[in-house]
Amino acid sequence: MDNTDGTFTYTNEAGTPVTIDTNAAETLTTLVLNADDTNLDYTDEDGVTTQLDFTSLVQNLETITTLVDNTDGTFTYTNEAGTPVTIDTNAAETLTTLVLNADDTNLDYTDEDGVTTQLDFTDLVQNLETITTLVDNTDGTFTYTNEAGTPVTIDTNAAETLTTLVLNADDTNLDYTDEDGVTTQLDFTALVQNLETITTLVDNTDGTFTYTNEAGTPVTIDTNAAETLTTFVQDDTSATGEITYTDEAGNPSTAQVVSSDANNNIQVGLDGGAFLAGPTICAAGKILSTGTAAAGFNATASLINTGDYQITFDNDLGTTSYVIQLTITDLLGVGNDDPNISYYDQQSDGFKVNVGDNDNGGSDRADFNSEFMFSVICLPGFGNGGSTGGGGTSTGSATPTGTPGTGFNLNNFGDAGNFQLAFNAGNNGGSTWETLITNRPYSTLPSDLSATVNGTLVPITFVSEDNGDGTFNHLISSSTPLPAFNPSVTISGGATGGGAGTQNSGQCSCISFFTN
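Because the structure is predicted, anything quoted here is derived from the model rather than measured. (Residues numbered from 1 in each chain as written. Predicted model: local features only at pLDDT ≥ 70, side-chain atom pairs only at ≥ 80, totals over all residues. Heavy atoms only, no water.)

Notes on the sheet that holds strand S4 (residues 39-43)
In sheet architecture, strand pairing relies on hydrogen bonds along the backbone and comes in two forms, parallel and antiparallel.
Logical step 1: Pairing is antiparallel in the open sheet, where three strands are placed in the order S3-S4-S5. Each having just a single partner strand, strand S3 (30-33) and strand S5 (49-53) make up the two edges of the open sheet. The sheet shows a mean angle of 25° between the axes of neighbouring strands, taken without regard to direction. (Pairing = 2+ DSSP bridges. Helix = DSSP H or I, 4+ residues; strand = E, 2+ residues; numbered from the N terminus. Axes fitted to C-alpha atoms, helices over the stretch in contact; angles between N-to-C directions.)

Examining the state of the cysteines
Logical step 1: If you walk through the whole model with that rule in mind, you get one disulfide.
Logical step 2: Paired by a disulfide, Cys282 and Cys378 hold their sulfur atoms 1.8 Å apart. Placement of the pair is Cys282 in strand S26 (residues 280-287) and Cys378 in strand S34 (residues 372-378), with a sequence separation of 96 residues. The exposure classification of Cys282 matches that of Cys378, with both residues buried. (Disulfide = S-S within 2.5 Å. Buried < 20%, exposed > 50% of the residue type's maximum accessible area, 1.4 Å probe, protein only.)

Digging into the nonpolar core
Logical step 1: Membership of the largest hydrophobic core comes to 21 residues, with the highest contact counts inside it found for Ile311, Phe313, Phe351, Val353, Phe372, Phe374 and Val376.
Logical step 2: For this core, the element with the most residues is S34, which contributes four residues.
Logical step 3: Listed in part, the 16 residues of the second largest apolar core include Trp433, Ile437, Leu445 and Ala451. (Core = buried A, V, L, I, M, F, W, Y, C linked by side-chain atoms within 4.5 Å.)

Some thoughts on the side chain of Ser478
Logical step 1: Topologically, Ser478 is positioned in strand S41 (residues 472-478).
Logical step 2: A distance of 3.2 Å separates a polar atom in the side chain of Ser478 from the backbone nitrogen of Thr480.
Logical step 3: Apart from residues lying up to four places away in sequence, Ser478 is in contact with Thr432, Trp433, Val458, Pro459 and Ile460. (Polar contact = N/O pair within 3.5 Å; in protein donor to acceptor, adjacent residues only side chain to side chain. Contact = heavy atoms within 4.5 Å.)

So, a nonpolar patch on the surface
Logical step 1: On the surface, a nonpolar cluster with roughly 620 Å² of combined accessible area is contributed by Leu165, Tyr176, Leu186, Phe188, Leu191, Val192 and Leu195.
Logical step 2: Here the element with the most residues in the nonpolar patch is helix H3 (residues 189-195); it accounts for three residues.
Logical step 3: Of note, Leu186 is situated in strand S17 (residues 183-187). (Patch = residues over 30% accessible without salt bridge, like charges linked within 9 Å, V, L, I, M, F, W, Y side chains within 5 Å. Areas by Shrake-Rupley, 256 points an atom, 1.4 Å probe, with all protein chains shown as cover. Salt bridge = Lys/Arg side-chain N within 4 Å of Asp/Glu carboxyl O.)

As for the pairing of strand S27 (residues 293-297)
Every other side chain in a regular strand lies on the same face of the sheet, so the side chains alternate between the two faces.
Logical step 1: Alignment of S26 against S27, held across four bridges, turns out to be antiparallel. Residue pairing for S27: Ile287 is matched across the bridge by Ala293.
Logical step 2: Between S26 and S27, which pair antiparallel and follow one another directly, the connecting turn spans five residues, one of which, Gly291, has a positive phi of 95°.

Describing the packing of aromatic side chains
Logical step 1: All chains considered together, the criterion is met by four aromatic pairs.
Logical step 2: Between Phe313 and Phe351, the ring centres sit 6.1 Å apart and the planes meet at 55°, which makes this aromatic pair tilted. With Phe313 in strand S29 (residues 308-313) and Phe351 in strand S32 (residues 350-357), this residue pair connects regions lying 38 residues apart in the sequence. The residues Phe313 and Phe351 share a single accessibility class, namely buried.
Logical step 3: Ring pairs connect the aromatic residues Phe313, Tyr322, Phe351 and Phe374, which therefore count as one cluster. (Phe/Tyr/Trp six-rings, centres within 6.5 Å; stacked < 30°, edge-to-face > 60°.)

Quick look at the structure:
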């Protein structure tokens with residue numbers, strides 16, 4: 001035993017202590033532990049070294065103890081004599097701590113007094129670290145070289161797939177399943193958040209955008225001076241409604257929508273587009289002798305009696321000023337010597353057809369059933385072209401009482417006060433009614449238009465029609481029946497509307513009054 005004062009106490013097998021004093025002794029010999037951690041090297045005064053192997057001695061003298069963790073907070077210590085001692089740590093006072101520092105390099109040991117000592121494991125790990133290599137041979141085999149430099153070839157070509165590593169459906173964890181089917185989740189949230197680079201793009205609402213890259217450096221993108229590439233414009237003021245395309249260099253190319261050739265029925269509409277202002281086919285059909293339509297357009301047919309047929313429009317035309325064309329099939333000289341076809345009872349919602357034999361004018365016409373064809377042509381400025389609503393029979397006796405410039409203004413409503421029309425509806429009690437204003441230069445009626453009959457407010461509807469020649473038609477109608485005994489109708493509205501025309505004087509022949 002080292003007495004730490006230059007003396008040693010040796011106790012022999014009999015228990016007798018002997019003190020060895022080295023203070024005055026000349027240092028002639030050395031006794032050191034060999035680098036193999038097994039032998040003591042003794043060097044005498046002559047420099048001769050003798051190795052003392054302590055292996056057998058240690059193995060003979062070594063005493064063996066055990067310490068077993070009982071996994072319940074207690075440990076069992078068995079001494080050299082085989083005596084077990086139970087150590088209970090459940091109530092033990094926590095006096096010291098030993099934790100891994102956040103730098104992943106040092107262990108922080110805190111003693112009972114709260115003093116922390118850092119233990120740097122860098123040199124220890126580097127000294128004890130064993131180095132191996134694993135090389136992919138790119139042919140399904142790998143070469144593993146161990147610490148002793150011995151290579152081992154691993155062939156995976158026929159290896160059984162024992163484990164799996166897949167991304168979990170939560171897009172956060174990796175699921176590792178081992179050979180026994182036990183799954184372990186590896187959460188990559190902290191890893192991704194630590195390594196993720198974040199960029200931003202912010203709209204500054206002034207035509208510029210600020211882009212900030214991963215390093216936090218902002219870059220401003222200015223779109224205010226961005227190049228104007230092309231334009232495509234419809235001109236609604238030109239005589240031909242031209243369309244102008246302007247390229248990136250500002251060079252215009254113009255296309256004419258409507259030809260300027262003479263006798264062209266296609267005109268320029270209010271929006272600059274092409275508008276066909278000519279006559280249109282409103283209804284047509286091929287009718288069998290039984291009154292059944294073999295083919296029809298916007299109309300139906302029925303046989304009234306022998307030789308008489310009713311043609312009914314799908315939509316009321318709003319006028320009787322339409323053109324009817326009729327033709328009868330050739331009878332090939334059989335049974336009738338002078339067949340003929342004609343129309344009668346022309347209404348805004350249809351007309352009748354008669355087929356008969358005139359017998360060369362020698363007797364009254366003899367009606368008979370026959371196949372025939374018809375077509376109905378609507379002319380610009382008449383009716384509503386087949387739109388729904390309107391219709392009726394002109395009374396002839398209902399005359400407007402207002403005069404242009406006072407009650408009824410033909411110019412811009414906003415320039416000349418309120419719009420007003422007054423009628424004596426005649427003896428048409430129980431009839432619904434409408435009035436049609438045709439070929440006027442203003443495009444709309446006042447939005448607050450209203451009507452009274454004998455001073456009582458009645459509901460009305462009104463629609464406007466563009467004739468395509470700078471004039472417009474306006475149909476005003478009411479579904480409330482007229483009272484008896486010559487009711488008066490007054491239609492008025494505020495100073496709103498649009499369009500322009502010339503001021504006229506005298507009575508306006510453009511107004512018609514109808515009852516249904």
